[in-house]
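What the coordinates show
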Amino acid sequence: MELLCPAGNLAALKAAFNAGADAVYLGLKDDTNARSFAGLNFSAEQIKQASQLAKQQNRKLFLTLNTFAKPGHEGRWKQAIDLAANLNLDAVICADISLLEYAHHHYPGLPLHLSVQASATNVAALSFYKKQFNIERAVLPRVLSMKQVRDLAKVSPVDLEVFAFGSLCIMAEGRCQLSSYVTGQSPNTGGSCSPANHVRWQDSGNDKLTRLNEVLIDKASQDEQLGYPVVCKGRYQTDSEMTAEYMLESPTSLNTIGLIPELAQAGIRSLKIEGRQRSPAYVTQVTQVWRQAIDAYFQSPELFNEKLKNQHQWHSALDKVSEGQVTTLGAYERQWQ
């Protein structure tokens, strides 16, 4: 299985390669990717440098183009595809059908990976994208149970990639409107579901307040760990429950390290680490642990679960960089699905 890691800058890219990543995904410094934060991402020249580094180390480099082109501004997204083709990048990760068509028509040799933002969760959808645009891989949304992943892998016409660690999206990816409702900026076109310029952290006595576009979405004690604020992970009061609670999901990180055997046996092609907005130190720490874990499984599959129990440093390292320092299996463990 490929270990695919994030890079928000050249330092993070180098950190990922040094720590054992097989491949890295990155985005341009604009709204063509869904991690469009100030100070992050790559210029065209920096992507050229990144491409050279990847080729020198025999690693792969994927360009993330996972937002939907804005009417009248499609040229910016098409130029990104042109760049990827001219640099001979290993793949473009894309969701927009018009952009998939453009890439497939103009650059039939450019590998295309279907972004999680396309929210393709069944064989009919995957077959459509394969037939129409000859995609080679699809990134599965983080709403499928392990059984659903296994069943889909048995019949998928393309390789499958799953998120293995990092921030957990609990909504229908590519279709969420919650950020638009609160900030007026769509995560599917603007590049982030909680734009940093709308985030406010405030102290109020013994409490920490989190606001998004001046809307209070969470309140916590000073010693409580909180993740980055997004609408779906806030705490709210309802008419029936006056105590503020997590109505949808608590701000925890996805951690599927214990599912490596099941994912490998299902034939999952790539394990993706989330976090292009995170630091090079985060990339180093997470990549090192996952590199060791994947290698340990393939060296001795029958001994992996026992080794995982005894690898306390793996769990400790991942917990430290998790949102709220709490992890979950998310939808993977929901047996009712």
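Shown above is the structure to which this text applies.
Below or above, wherever it landed, is the structure these notes cover.

1. Some points on the pairing of strand S1 (residues 2–6)
- For S1, the buried fraction is high: 5 of the 5 residues fall into the buried class.
- Of the two faces of S1, both are covered, the one formed by Glu2, Leu4 and Pro6 as well as the one formed by Leu3 and Cys5.
- As paired elements, S1 and strand S2 (residues 23–26) share 3 bridges and run parallel to each other. Looking at the pairing, Pro6 lines up with Tyr25 of S2.
- Between S1 and its parallel partner S2, the chain crosses via helix H1 (residues 10–19), and the hand of that crossover is right-handed.

2. Let's talk about the packing of aromatic side chains
- Under the definition given, this model contains 6 aromatic pairs.
- Judged by centre distance (6.4 Å) and plane angle (70°), the ring pair of Tyr102 and Tyr107 falls under edge-to-face.
- For Tyr102, a relative accessible area of 14% puts it in the buried group.
- Ring geometry for Phe128 and Tyr129: centres 5.3 Å apart, planes at 80°, overall edge-to-face.
- Exposure remark for Phe128: the relative accessible area of 38% places this residue in the partly exposed category.
- Of the aromatic side chains, those joined through ring pairs into one cluster are Phe128, Tyr129 and Phe133.

3. Side note on the layout of surface pockets
- Here the largest pocket defines a volume of roughly 870 Å³.
- In this structure, the largest pocket is lined by 43 residues; those nearest its centre are Ala34, Arg35, Ser167, Cys193 and Glu274.
- Of all elements in the fold, only strand S7 (159–167), helix H7 (178–183) and helix H8 (187–190) reach the threshold of two or more residues within the lining of the largest pocket.
- Among the residues forming the lining of the largest pocket, the class breakdown is 19 nonpolar, 15 polar and 9 charged.
- Counted as a void, the second largest pocket has a volume near 170 Å³.
- Considering the residues around the second largest pocket, the lining is formed by Leu216, Ile217, Asp218, Lys219, Arg235, Tyr236, Gln237 and Ala244.

4. Some points on the side chain of Asp82
- For Asp82, the location among the structural elements is in helix H3 (residues 74–86).
- No salt bridge forms around the buried Asp82; measuring N to O, its nearest opposite-charge neighbour Lys78 is 9.0 Å away.
- Polar side-chain contacts of Asp82 include one of 2.7 Å to the side chain of Tyr107.
- The contact partners of Asp82, leaving out residues within four places of it in the chain, are Tyr102 and Tyr107.

5. Quick word on the sheet that holds strand S10 (residues 215–221)
- Within the open sheet, the 3 strands sit side by side as S8-S9-S10. Their pairing is antiparallel. Each edge of the sheet is formed by a strand with only one pairing partner; in this case those strands are strand S8 (199–204) and S10. Strand-to-strand twist across the sheet, computed as the mean angle between neighbouring axes with direction ignored, equals 25°.
- Strand direction decides the pairing type here: strand S9 (residues 207–212) and S10, joined by 6 bridges, are antiparallel. When the bridges of S10 are listed, Leu212 appears paired with Val215.

6. Regarding empty space enclosed by the protein
- Counted according to the given criterion, the structure contains 1 cavity of 30 Å³ or more.
- Taken as a whole, the largest cavity spans an internal volume of roughly 90 Å³.
- The wall of the largest cavity is formed by 12 residues, among which Asp218, Gly227, Tyr228, Pro229 and Lys233 lie closest to the centre.
- By residue class, the composition of the lining of the largest cavity is 7 nonpolar, 3 polar and 2 charged.

7. What about the packing of H3 against helix H4 (residues 97–106)?
- It is the contact of H3 with H4, at a shortest axis distance of 10 Å, that shows an interaxial angle of 35°. In the packing of H3 onto H4, the handedness of the crossing is right-handed. Contact residues: H3 offers Trp77, Lys78, Ile81 and Asp82, while H4 offers Leu99, Tyr102 and Ala103.
- Of the residues that constitute the contact of H3 with H4, the class distribution is 5 nonpolar, no polar and 2 charged.

8. Digging into the pattern of salt bridges
- Enumeration according to the criterion identifies 12 salt bridges in this entry.
- Across the pair Arg76 and Asp31 runs a salt bridge, and its minimum N-O distance is 3.0 Å. With a gap of 45 residues between them, Arg76 in helix H3 and Asp31 in the loop between S2 and helix H2 (44–56) connect regions that are remote in the sequence.
- A relative accessible area of 29% means that Arg76 is categorised as partly exposed.
- In this structure, the salt-bridge partner of Asp151 is Lys147, at a minimum N-O distance of 2.7 Å. Within this pair, Asp151 and its partner Lys147 are both found in helix H6 (residues 146–155), separated by 4 residues, close to a single helical turn.
- For Asp151, a relative accessible area of 32% corresponds to the partly exposed category.
- Several salt bridges converge on common partners, so that one network encompasses Glu2, Arg137, Glu161 and Lys272.

Procedures and definitions
Residues numbered from 1 in each chain as written. Predicted model: local features only at pLDDT ≥ 70, side-chain atom pairs only at ≥ 80, totals over all residues. Heavy atoms only, no water. Buried < 20%, exposed > 50% of the residue type's maximum accessible area, 1.4 Å probe, protein only. Helix = DSSP H or I, 4+ residues; strand = E, 2+ residues; numbered from the N terminus. Pairing = 2+ DSSP bridges. Right-handed = clockwise from strand over helix to strand, strands pointing away. Phe/Tyr/Trp six-rings, centres within 6.5 Å; stacked < 30°, edge-to-face > 60°. 1 Å grid on protein atoms, 1.4 Å probe; cavity = no way out; pocket = protein on both sides within 12 Å on 5 of 7 lines; lining within 4 Å. Points joined across faces, edges and corners; volume = space filled by probe spheres on them. Nonpolar A, V, L, I, M, F, W, Y, C, P; charged D, E, K, R; others polar. Lys, Arg positive; Asp, Glu negative; His and termini not counted. Salt bridge = Lys/Arg side-chain N within 4 Å of Asp/Glu carboxyl O. Polar contact = N/O pair within 3.5 Å; in protein donor to acceptor, adjacent residues only side chain to side chain. Contact = heavy atoms within 4.5 Å. Axes fitted to C-alpha atoms, helices over the stretch in contact; angles between N-to-C directions. Left-handed = near helix turned anticlockwise from the far one by under 90°.

From the geometry alone we can't say anything about function, so treat these as descriptive.
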